[in-house]
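# An overview of the molecular structure
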Amino acid sequence: MMILPVHYRDPAHHAHEQQTLFHGSWIFVGMLFEFRGLVHAGVRLGDTELLIQCDKEGRPRAYLNVCSHRHAQLCTPGMHDGAVRCPYHGWVYDREGVPVGIPQRQAFPAVVAAPEAHRLNQFACEAVGEFIFVRLSAEGLALRDYLGSQYDFLVRASQGLSGVQDEFREEVAANWKVVIENSLEGYHVPAVHSGTLMQVDGMGRAETAPQFFLEDRLHSHLEHAADAEWVNRFARMESKIGQWPWRFEHYTHHFIFPNLTVTSFMGYSFHIQRFEPTAVDRTTVHSRTVGVEFANATAAGAKMMEHIYADGHAFTRRVFAEDGGICRKVQAGLQCAVRPAVLGEGIEDRVRHFHQAYTETLGSAVPGSRQ
Ligand code: FES
Ligand SMILES: [Fe+2]
């Protein structure tokens with residue numbers, strides 16, 4: 001089964017997707033290390049506005065971002081310091097989502113007597129290592145079962161993450177599936193990235209073909225060996241830059257259905273992208289580059305890594321702009337396309353795998369209901 005052109009442009013289909021696929025799936029909403037201390041965040045998940053914060057035990061929790069008093073949105077998208085305080089009449093909520101500070105409390109005897117009854121609506125929320133996921137639907141697979149083999153990858157990738165080094169949010173003028181599909185194949189690299197990816201030291205001359213892993217029903221990943229010369233050059237620097245928790249000698253790209261990618265070259269940083277469908281023909285990409293901790297680095301080695309990271313950030317943005325430009329053209333074509341796409345054997349297998357995951361999930365999904 002393939003995704004049809006109408007599924008990338010029809011607003012009614014888009015609404016259906018939000019109500020089914022985005023309700024039943026576990027969706028990545030942020031990194032656990034971002035929620036240390038008294039902070040909270042507004043995150044949009046499909047058609048639902050969420051408020052994420054950690055409870056007293058440090059576990060991540062997801063609440064509906066709507067005040068229990070008279071429905072004001074509690075916070076805007078992004079991170080916020082301090083406790084949750086409604087901008088309308090100033091109700092303050094604790095970490096468990098219970099209204100504990102109510103101006104002129106004598107006017108609300110029922111709320112003061114049983115504040116738990118007025119707790120914010122909650123959704124299933126769990127972390128795997130540092131990666132926080134939310135499921136809107138009350139019923140569904142446990143997160144571990146949902147993630148399949150990606151579970152162990154996320155646990156391992158979480159070791160020694162040191163914090164966000166670079167972050168941006170950019171809008172792409174295309175349906176979210178166009179942007180995902182673009183990330184799932186390297187076939188477009190010579191035509192779209194002739195000045196960037198084609199010139200990369202570590203990968204441009206790689207002789208082996210990438211290896212695809214398509215065993216998970218919903219997710220997929222690839223590994224592409226780095227060329228030996230680059231690995232050797234890196235190895236010579238390692239006496240200065242030190243050791244990092246998970247060192248491998250390839251580029252890896254993981255797609256976690258429906259809208260998260262985690263990529264890394266040799267494990268010295270991880271690039272985490274979340275593709276948020278903002279409209280049928282608009283996607284907001286939230287991109288984080290997360291560094292890892294190095295042991296036994298010399299001062300000169302730390303400087304070297306700073307340069308490698310800075311070059312990486314500039315490079316990521318250039319590649320992103322190239323992909324955004326081509327995705328806009330794909331969307332323009334999809335607005336009047338009549339036939340399904342033609343997918344290449346091998347080189348576009350991950351796109352085909354995504355089409356299957358998508359059509360199966362949509363076919364079996366029941367409209368989600370809020371808790
Ligand atoms: S609507 Fe939130 S305090 Fe009134
Ligand atoms: Fe690309």
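Residues numbered from 1 in each chain as written. Chains lettered and ligands numbered in written order. Predicted model: local features only at pLDDT ≥ 70, side-chain atom pairs only at ≥ 80, totals over all residues. Heavy atoms only, no water.

## What to know about the sheet that holds strand β6 (residues 84-85)
Taken in spatial order, the three strands make up an open sheet running β6-β7-β8, and their pairing is antiparallel. For this open sheet the edge positions go to β6 and β8 (99-101), each flanked by a neighbour on one side alone. Bridge analysis of β6 against strand β7 (residues 92-93) gives two bridges, and the strand direction is antiparallel. Looking at β7, one finds that Arg-85 is bridged to Val-92. (Pairing = 2+ DSSP bridges. Helix = DSSP H or I, 4+ residues; strand = E, 2+ residues; numbered from the N terminus.)

## Here we look at helix α11 (residues 349-364)
Taking 1.5 Å per residue, 16 residues should reach 22 Å; α11 reaches 23 Å between its end C-alpha atoms and fits that length. Among all positions of α11, only Arg-350, Val-351, His-353, Phe-354, His-355, Ala-357, Tyr-358, Thr-359, Thr-361 and Leu-362 are buried. (Expected span 1.5 Å × (residues − 1). Buried < 20%, exposed > 50% of the residue type's maximum accessible area, 1.4 Å probe, protein only.)

## Digging into the pairing of strand β10 (residues 131-135)
Counting buried positions along β10 gives five out of five residues, so the element sits mostly inside the fold. Here β10 shows no split at all, with Phe-131, Phe-133 and Arg-135 on one side and Ile-132 and Val-134 on the other all buried. Relative to β10, strand β1 (residues 27-31) runs antiparallel, the two being bridged by four bridges. In the sheet register, Met-31 faces β10, and the bridge partner there is Phe-131. Here strand β9 (residues 122-128) folds back onto β10, and the loop between the two strands holds two residues, one of which, Gly-129, carries a positive phi near 55 degrees.

## Examining the packing of aromatic side chains
Tallying each qualifying case throughout the model produces 21 aromatic pairs. Ring centres 5.1 Å apart and planes at 70 degrees place the aromatic pair Phe-168 and Phe-320 in the edge-to-face group. Of the two residues, Phe-168 sits in strand β11 (residues 161-172) while Phe-320 sits in helix α10 (residues 299-334), which places them 152 residues apart along the sequence. Pair check on accessibility: Phe-168 and Phe-320 agree, each one buried. With a centroid separation of 6.2 Å and an interplanar angle of 85 degrees, the aromatic rings of Trp-244 and Tyr-268 are classed as edge-to-face. (Phe/Tyr/Trp six-rings, centres within 6.5 Å; stacked < 30°, edge-to-face > 60°.)

## Points about the domain arrangement of the protein
Along its sequence, the protein is carved into domain 1 (27-140) and domain 2 (160-364). The C-alpha-based centres of domain 1 and domain 2 are spaced at 32 Å. Taken together, the contact pairs 14 residues of domain 1 with 17 residues of domain 2. Together, the buried faces of domain 1 and domain 2 total about 1,200 Å²; carbon and sulfur atoms form 66% of this surface. Interface area lost by domain 1 to domain 2 is led by Phe-28, Phe-33 and Arg-44, which between them contribute 45%. Between domain 1 and domain 2 we count one salt bridge in total. In this structure, Glu-34 and Arg-288 form a salt bridge, with 2.9 Å as the shortest nitrogen-oxygen distance. Connecting domain 1 to domain 2 are three residue pairs in polar contact (both at pLDDT 80 or more). Listed by contribution, the elements that provide at least two residues to the side of domain 1 that touches domain 2 are β1, β2 (39-45) and β10. Per element, the largest residue contribution to the side of domain 1 that touches domain 2 is five residues, and it comes from β1. (Domains from an automatic or database assignment. Contact = heavy atoms within 4.5 Å. Buried area = accessible area lost by both parts, 1.4 Å probe. Salt bridge = Lys/Arg side-chain N within 4 Å of Asp/Glu carboxyl O. Polar contact = N/O pair within 3.5 Å; in protein donor to acceptor, adjacent residues only side chain to side chain.)

## Side note on the layout of surface pockets
Volume-wise, the second largest pocket comes out at about 500 Å³. As for the second largest pocket, its lining consists of 23 residues, of which Glu-181, Glu-185, Val-330, Ala-341 and Glu-348 are closest to the centre. Elements supplying a minimum of two residues to the lining of the second largest pocket: α6 (176-183) and α10. Of the residues forming the lining of the second largest pocket, the biggest block, four residues, is contributed by α10. Tallied by class, residues from the lining of the second largest pocket come to 17 nonpolar, two polar and four charged. (1 Å grid on protein atoms, 1.4 Å probe; cavity = no way out; pocket = protein on both sides within 12 Å on 5 of 7 lines; lining within 4 Å. Points joined across faces, edges and corners; volume = space filled by probe spheres on them. Nonpolar A, V, L, I, M, F, W, Y, C, P; charged D, E, K, R; others polar.)

## Concerning the packing of helix α9 (residues 228-241) against α10
Relative to each other, α9 and α10 sit at 125 degrees, their axes nearing to 7 Å. Between α9 and α10, the angle falls in the class oblique. For the pair α9 and α10, the contacting residues are Phe-234, Met-237, Lys-240 and Ile-241 in the first and Ala-300, Gly-301, Met-304, Met-305 and Ile-308 in the second. Here the contact of α9 with α10 is composed, by residue class, of seven nonpolar, one polar and one charged. (Axes fitted to C-alpha atoms, helices over the stretch in contact; angles between N-to-C directions. Parallel < 35°, antiparallel > 145°, perpendicular 65-115°, else oblique.)

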